[in-house]
Every structure is written in C-alpha cells, then in structure tokens.
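Architecture at a glance
Residues per chain, in single letters:
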Amino acid sequence: MDQLDQSLIDLLRENARAPAARLARALGVSRTTLQSRLERLERSGVIAGYTVRLSEAHERGQIHAYVLMTVSHKQSAAVSAAVRMMSAVRLLQSVSGPFDLIARAVAPNVAEMDGLIDALGALPGVERTTSSIVLSTKIDR
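Residues numbered from 1 in each chain as written. Predicted model: local features only at pLDDT ≥ 70, side-chain atom pairs only at ≥ 80, totals over all residues. Heavy atoms only, no water.

**Re the overall build of the protein**
- Scanning the protein from N- to C-terminus turns up six helices and four strands.
- Mapped in sequence order, the helices and strands of the protein form the string α-α-α-α-β-α-β-β-α-β.
- Radius of gyration (C-alpha) of the protein: 19 Å, far over the 14 Å computed for a compact globule of 141 residues.
- Projected onto the principal axes, the alpha-carbon positions of the protein cover approximately 55 × 35 × 25 Å.
- Relative to its 141 residues, the protein shows a buried fraction of 28%.
- At a minimum sequence separation of 6, the contacts of the protein that also span at least 24 residues come to 64%.
- Summing over all exposed atoms, the protein offers an accessible surface of approximately 9,500 Å²; the carbon and sulfur share of this is 52%.
- Taking the average place of the 17 positive charges on the side chains of the protein and the average place of its 14 negative ones, the gap between the two points comes to 6 Å. (Helix = DSSP H or I, 4+ residues; strand = E, 2+ residues; numbered from the N terminus. Rg over C-alpha atoms; globule rule 2.2 N^0.38 Å. Buried < 20%, exposed > 50% of the residue type's maximum accessible area, 1.4 Å probe, protein only. Contact = heavy atoms within 4.5 Å. Areas by Shrake-Rupley, 256 points an atom, 1.4 Å probe, with all protein chains shown as cover. Lys, Arg positive; Asp, Glu negative; His and termini not counted. Charge placed at Lys NZ, Arg CZ, Asp CG, Glu CD.)

Here you go:
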C-alpha cells in the first residue's frame, strides 16, 4: 500500500459513496487508475466493505456508552457470540488489562441503555461490567 492508496482510503472514509470520477480528480489520477487501485484494495482485503455513517444530528440524539466486561475463564467466545446478537452493540473488542472485552453500545434513550447494560452484565460468563456514558465526541475519523 502506497501513499496514493492511503489517500484514496482517506477520501473514502469521508464519503464512501463519492463517484469514482470525483475521487480520481481529487487524487490527480485517471478514473481507470483509480478503479484499478480500488479493485486491488478490495481484492486484497484492505477494503473489507462499505458501511453507513449516520448524521451527527441523529447520533447526537442517541445515548452512547462503553461497557467494559470481565469474562470468566474460557467464556470469551460464548460471550462474544451472545453480544453479536445484540444490534445495539456496534463494536466489541478484546483487550488487555483488567477487563477482557469492551463494547461500544448505542441506545435511543437512557432507559434502553440501562436495560442493555443490564443485559450485557447478565450474560452467562460475564463476571463484572463497568460502563461509561459518552458525554461528547471530540474527534471521530
């Protein structure tokens, strides 16, 4: 991956639906070159897919939280599988340190977030949770 590939990825992070011609112009390359680069990045797995990015106005109306979980020995796979079924959990990561997993969760209101945090803590294999509600976002790339 070279600087052109990285610049292409940066532009796609801003707007993954930008037309190829616009991306090519922004990068100073032909549309054919851009398409070849994009296809190579997809084929090699660097670009695994495209997703929806919700508006700041919509996201501001949601409650966001990070839920840190301590999991019983050898229960991480089962807990991960159960969390995968919870659509309100947007991200689940395995981490080092005093906690085993960190979940990023989103709910439309405090009551639903409370229920989600309780549901995560009640999963078989979850020993303890600590949650932090996001007050504001300073950087989102």
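That was the structure; now back to the text.
**A closer look at the packing of helix H2 (residues 20–27) against helix H3 (residues 31–43)**
- Relative orientation of the contacting elements H2 and H3 amounts to 100 degrees, with a least axis distance of 9 Å. The angle between H2 and H3 places the two elements in the roughly perpendicular class. In contact with Ala20, Ala21, Leu23, Ala24 and Leu27 of H2, H3 contributes Arg31, Leu34 and Gln35.
- Here the contact of H2 with H3 is built from residues that sort into six nonpolar, one polar and one charged. (Axes fitted to C-alpha atoms, helices over the stretch in contact; angles between N-to-C directions. Parallel < 35°, antiparallel > 145°, perpendicular 65-115°, else oblique. Nonpolar A, V, L, I, M, F, W, Y, C, P; charged D, E, K, R; others polar.)

**Describing the environment of Lys74**
- Mapped onto the elements of the fold, Lys74 is located in the loop between strand E1 (63–71) and helix H5 (76–84).
- The exposure class assigned to Lys74 is exposed, which follows from its relative accessible area of 73%.
- Put simply, Lys74 and Gln35 are 39 residues apart on the chain and 45 Å apart in space, counted from C-alpha to C-alpha.

**Points about the side chain of His64**
- Mapped onto the fold, His64 is located in strand E1.
- Aside from chain neighbours lying at most four places away, what touches His64 is Glu59, Ala105, Val106, Met113, Ser132, Ile133 and Val134.

**Thoughts on the sheet that holds strand E3 (residues 101–107)**
- In space, the four strands of this open sheet follow the order E2-E3-E1-E4, with antiparallel pairing throughout. Because the sheet does not close on itself, it has two edges, and the strands there are strand E2 (89–94) and strand E4 (126–133). Going across the sheet, the axis of each strand differs from the next one's by a mean of 20 degrees, ignoring polarity.
- Across five bridges, the pairing between E2 and E3 is antiparallel. Among the inter-strand pairings, Gln93 is bridged to a residue of E3, identified as Ile102.
- Sheet contacts for helix H6 (residues 110–122): E1, E2, E3 and E4; angle to E1, the most-contacted strand, approximately 10 degrees. (Pairing = 2+ DSSP bridges.)

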